[in-house]
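The lines below spell out each chain.
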There are 2 protein chains.
Amino acid sequence: MSNSRSATAIASPNIAFIKYWGNRDQNLRIPANGSISMTLGGLETRTTVTFDARLAEDLFLLDGTRTTDAALLRVSHHLDLIRELAGLKLHARVESRNNFPVASGVASSASAFAALTLAACAAAGLDLHARMLSRLARRGSGSASRSIFGGFVECVAGQDDQTSFSQQLAPPEHWELVDLVAVVTREKKPVSSTAGHALADTSPLQAARVADAPRRLQICRDAILTRNFPRLASIAELDSNMMHAVMLTSTPPLAYWNPETVQVMKQVVAWRASGLPVFYTVDAGPNVHCITLAEHAAEISRRLRSIAGILDVLRAPPGDGARLA
Amino acid sequence: MSNSRSATAIASPNIAFIKYWGNRDQNLRIPANGSISMTLGGLETRTTVTFDARLAEDLFLLDGTRTTDAALLRVSHHLDLIRELAGLKLHARVESRNNFPVASGVASSASAFAALTLAACAAAGLDLHARMLSRLARRGSGSASRSIFGGFVECVAGQDDQTSFSQQLAPPEHWELVDLVAVVTREKKPVSSTAGHALADTSPLQAARVADAPRRLQICRDAILTRNFPRLASIAELDSNMMHAVMLTSTPPLAYWNPETVQVMKQVVAWRASGLPVFYTVDAGPNVHCITLAEHAAEISRRLRSIAGILDVLRAPPGDGARLA
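Residues numbered from 1 in each chain as written. Chains lettered and ligands numbered in written order. Predicted model: local features only at pLDDT ≥ 70, side-chain atom pairs only at ≥ 80, totals over all residues. Heavy atoms only, no water.

Student: Can you walk me through the domain arrangement of chain A in this structure?
Tutor: The figure often quoted for interface size is the accessible area lost as the parts come together. Residues and elements named next belong to chain A. Partitioning chain A into domains gives domain 1 (4-170) and domain 2 (174-316). Computed over C-alpha atoms only, the centres of domain 1 and domain 2 are separated by 23 Å. Listed by partner, the interface residues are 29 residues for domain 1 and 48 residues for domain 2. Regarding the contact of domain 1 and domain 2, the summed buried area is about 3,100 Å², with carbon and sulfur atoms giving 68% of it. Where domain 1 touches domain 2, the interface holds two salt bridges. Between lysine 19 and aspartate 283 there is a salt bridge whose closest N-O contact spans 2.5 Å. Taken together, the connections running from domain 1 to domain 2 amount to ten residue pairs in polar contact (both at pLDDT 80 or more). Breaking the side of domain 1 that touches domain 2 down by element, the ones donating at least two residues are strand 2 (14-18), strand 5 (35-39), strand 10 (152-156) and strand 11 (165-170). The element that contributes the greatest number of residues to the side of domain 1 that touches domain 2 is strand 2, accounting for four residues. Its residues assigned to classes, the side of domain 1 that touches domain 2 shows 16 nonpolar, nine polar and four charged. (Domains from an automatic or database assignment. Contact = heavy atoms within 4.5 Å. Buried area = accessible area lost by both parts, 1.4 Å probe. Salt bridge = Lys/Arg side-chain N within 4 Å of Asp/Glu carboxyl O. Polar contact = N/O pair within 3.5 Å; in protein donor to acceptor, adjacent residues only side chain to side chain. Helix = DSSP H or I, 4+ residues; strand = E, 2+ residues; numbered from the N terminus. Nonpolar A, V, L, I, M, F, W, Y, C, P; charged D, E, K, R; others polar.)

Spelled out as structure tokens, the structure:
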């Protein structure tokens, strides 16, 4: 064995139709409820992990810039899990690049921790099954568990580390959906998702949201498997609103919607009422994910760009899961 | 007794800090949860009821215009309750005028049914206690039960017609609050409150909202009685968000917020964070009620008027309950 061993992995972010918000176990990131997402093709995080005996500490370069703050600590902590599994004591250099703009409304922690997990495991000589990779990725970021898989993915909440993992519902080619991300701000969100999850239980509505989750998951799963767009549209918009309902009623309240967010949501609902297949879903930020069918994507994109306050529209079809480069 | 007997009553609308949404009994309008409001001085509905043996049917003139649609039916149905109590068989002419713009974001059904109840009872020769008047007013519009009283008012949800009524918590002079209504649209709301209440139970979050209501009522009651502005601010904003959480997660969803609504809410929160005593509360419509102390009302009003999209700002201090003219 040489002094250094390296691997590169690529992973994509995902957009959840049934969203994860709140943890049953904050430290292990066991989610309070299951979730269902689509992996976003074309948007990629590429991460190289090099374990190197000459390093005195972990290094983390994000888009070329060396990072020394909380992000490095989170990466280092995640590497510890993998080093422990592999019986490895070496520090690592982690180089990560996103091909999509940071703070674009696409959560980068999912692709970041999916790529980091796969690259670090490969570099450490661990050959793990996808389920084990998704459990590991979950420890870094709950939604990263889903980005291990491509296409349409369900995260089973489970009760502990062993039973909390993701699995593929259908491959990318199952359904030609497109996510058009209406970017209304490039500002970094004021409250991180990790901090937000910890507030979920302060809302008097979170328990009811979690208790109702199996019903929503069932409807969403069926809608995806049968390619029923109207059914997916109504359950995904309801689920998005339920998450923001909990956020808005937390202490302190989390108000992620901007005026432009509401404007896009209203337009999307009006377009669907007029016959266009499109629905909205909003993550922990003000940008709006508008989901449509491939054949209508150009028209929806054109309409989104005509709304005042929309800075950009990203486009992503169903994509692949995490893979080695 | 002559062929006709007449009485005129005046009542004001109110703004709820703990809101009523959903009915335990839709027909009797027994609310799902108790509520607390401030009666809005200066804004008035003035209603004259004349029972007249020469009338072949009930007549309803709203702001000078004869009304023959659902509004007349609702007035007529309400008069039936009072005719039955009084053993009266005469039809009535009802003339009602508001001194505030309709669709200004101030719910007019509360003042309308409080004034109608008092005027009709007086014209029918019924001399009822305020509690009985509030029970009767509730049958016409749930929030009208509160407008029978002045100042700060609590509606006790109760379980049936006898136990569901309002009562005064404190008179108008108790606390110099001011409601500044930021009017962002003059459009009539697409879904009436009566229709909206009927949807409340379709939200998976309504039961949790109702179950938590006694806690919020207690905090709000204490905050008013001790004139604790920050405490009132946080519980009223939470309660407003909880009602809209239920609305947004109903089937079909009720999305009352406009982009301007969100803009004003964000500004109000920012102003309070900078030290100004002000909070928002939003009813079943897009206009925003901004509650502040009298000494800061001019400054808040000036700031509201400087926001793009604000058409007008109404101003109301705590006002009196329903009274005969």
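Student: Honestly, the environment of A:Ala236 in this entry has me stumped. Any pointers?
Tutor: Residue and element names in this part refer to chain A. Mapping alanine 236 onto the fold places it in helix 8 (residues 229-248). Note: C-alpha distance between alanine 236 and tyrosine 280 (44 residues apart in sequence) is 7.6 Å. If we ignore the near neighbours within four places in the chain, the residues touching alanine 236 are Phe17, Phe279, Tyr280 and Thr281.

Student: I'm lost on the pattern of salt bridges in this one. Help?
Tutor: Two side chains of opposite charge can pair, provided their charged atoms sit close to one another. Residue and element names in this part refer to chain A. In this structure the tally under the stated criterion is 34 salt bridges over all chains. Arginine 323 is paired through a salt bridge with glutamate 44; the nearest N and O atoms lie 3.0 Å apart. In this pair, arginine 323 is assigned in strand 16 (residues 323-324) and glutamate 44 in the loop between strand 5 and strand 6 (45-52), connecting sequence segments 279 residues apart. For glutamate 44, a relative accessible area of 25% translates into the label partly exposed. Here aspartate 312 and arginine 305 are joined by a salt bridge, their closest N and O atoms 3.7 Å apart. (Buried < 20%, exposed > 50% of the residue type's maximum accessible area, 1.4 Å probe, protein only.)

Student: I tried to follow the relation of the copies chain B and chain A on my own but got confused; where do I start?
Tutor: In this structure, two copies of a chain are linked by a rotation about an axis accompanied by a shift along it. Expressed as a screw transformation, the operator carrying chain B onto chain A has a rotation angle of 180° and an axial translation of 0.0 Å, and the superposed copies differ by an RMSD of 0.0 Å. What the rotation and shift describe, once combined, is the action of a two-fold rotation axis. For chain B, the smallest separation between a C-alpha atom and the rotation axis is recorded for B:Pro259, amounting to 2.0 Å. Most of the interface of chain B is mirrored in chain A, where 100% of its interface residues are also at the interface. (Least-squares fit on C-alpha atoms with pLDDT ≥ 70 in both.)

Student: Please clarify how the interface of chain B and chain A should be interpreted in this entry.
Tutor: Facing 19 residues of chain B, the contacting portion of chain A comprises 19 residues. Carbon and sulfur atoms supply 74% of the area buried between chain B and chain A, which totals about 1,800 Å² over both sides. Considering only the side of chain B, the residues that lose the most area to chain A are B:Pro204, B:Leu205 and B:Pro259, jointly responsible for 28% of the buried surface there. Joining chain B to chain A, the criterion identifies zero salt bridges. If you look at where chain B meets chain A, you find six residue pairs in polar contact (both at pLDDT 80 or more).

Student: Help me understand the sheet that holds strand 14 (residues 288-293) of chain A, please; the structure alone is not making it clear to me.
Tutor: Note: strands within a sheet are paired through backbone hydrogen bonds, in either parallel or antiparallel orientation. Residue and element names in this part refer to chain A. As summarised here, the arrangement of the four strands in space is 13-14-12-15, forming an open sheet in which the pairing is antiparallel. Edge positions in the open sheet fall to strand 13 (278-281) and strand 15 (312-316), since each of these has one partner strand only. Direction aside, the axes of adjacent strands within the sheet are offset by 25° on average. In this sheet, strand 14 lies alongside strand 13 in antiparallel orientation, the contact comprising four bridges. Within strand 14, the position partnered with tyrosine 280 by the bridge is cysteine 290. Taken strand by strand, helix 8 contacts strand 12 (177-183), strand 13 and strand 14, and its axis lies near 20° from that of strand 13. Of the strands in this sheet, strand 12, strand 13 and strand 14 are in contact with helix 9 (residues 259-273), which crosses strand 13 at around 155°. (Pairing = 2+ DSSP bridges. Axes fitted to C-alpha atoms, helices over the stretch in contact; angles between N-to-C directions.)

Student: I'm lost on the sheet that holds strand 5 (residues 35-39) of chain B in this one. Help?
Tutor: All names here are of chain B. Pairing is antiparallel in the open sheet, where four strands are placed in the order 2-5-10-11. Edge positions in the sheet fall to strand 2 (14-18) and strand 11 (165-170), since each has one partner strand and no second. Strand-to-strand, the axes of this sheet are offset by a mean angle of 30°, without reference to chain direction. When strand 2 meets strand 5, the two strands line up antiparallel, connected through four bridges. Bridge assignment links alanine 16 to a residue of strand 5, and that residue is serine 37.

Student: Just checking my understanding: could you explain unusual backbone geometry for this structure?
Tutor: Trans peptide bonds make up the majority, and among non-glycine residues the majority have a negative phi. All names here are of chain A. The step from threonine 251 to proline 252 runs through a cis peptide bond, and the omega angle for that step is -5°. By the element assignment, proline 252 lies in the loop between helix 8 and helix 9. For arginine 227, which is not glycine, the phi dihedral falls at a positive 50°. Note on placement: arginine 227 falls in the loop between helix 7 (213-225) and helix 8.

Student: Sorry if this is basic, but what is going on with the pairing of strand 10 of chain A here?
Tutor: Remark: a regular strand shows side chains that alternate across the two faces of the sheet. All names here are of chain A. Burial analysis of strand 10 places four of its five residues in the buried class, which makes it a mostly covered element. Two strands pair when backbone bridges link them, and strand 5 and strand 10 are joined in this way by four bridges, in the antiparallel orientation. Paired with isoleucine 36 across the two strands is glutamate 154, which belongs to strand 10. Pairing of strand 10 with strand 11 involves five bridges; the strand directions are antiparallel. Considered in strand 11, the bridge of valine 153 is made with glutamine 168.

Student: Would you take a moment to explain helix 2 (residues 108-123) of chain A for this structure?
Tutor: It helps to recall that an α-helix has 3.6 residues per turn; residues three or four apart then point in one direction. All names here are of chain A. The first and last C-alpha atoms of helix 2 sit 22 Å apart over 16 residues, in line with the 22 Å expected at 1.5 Å per residue. For helix 2, a buried count of twelve out of 16 residues is recorded, marking the element as mostly surrounded by other parts of the structure. Among all positions of helix 2, only Ala110, Ser111, Phe113, Ala114, Ala115, Leu116, Thr117, Leu118, Ala119, Ala120, Cys121 and Ala123 are buried. Trailing helix 2 by a residue or two, glycine 125 shows a phi angle of about 80°, which is positive. (Expected span 1.5 Å × (residues − 1).)

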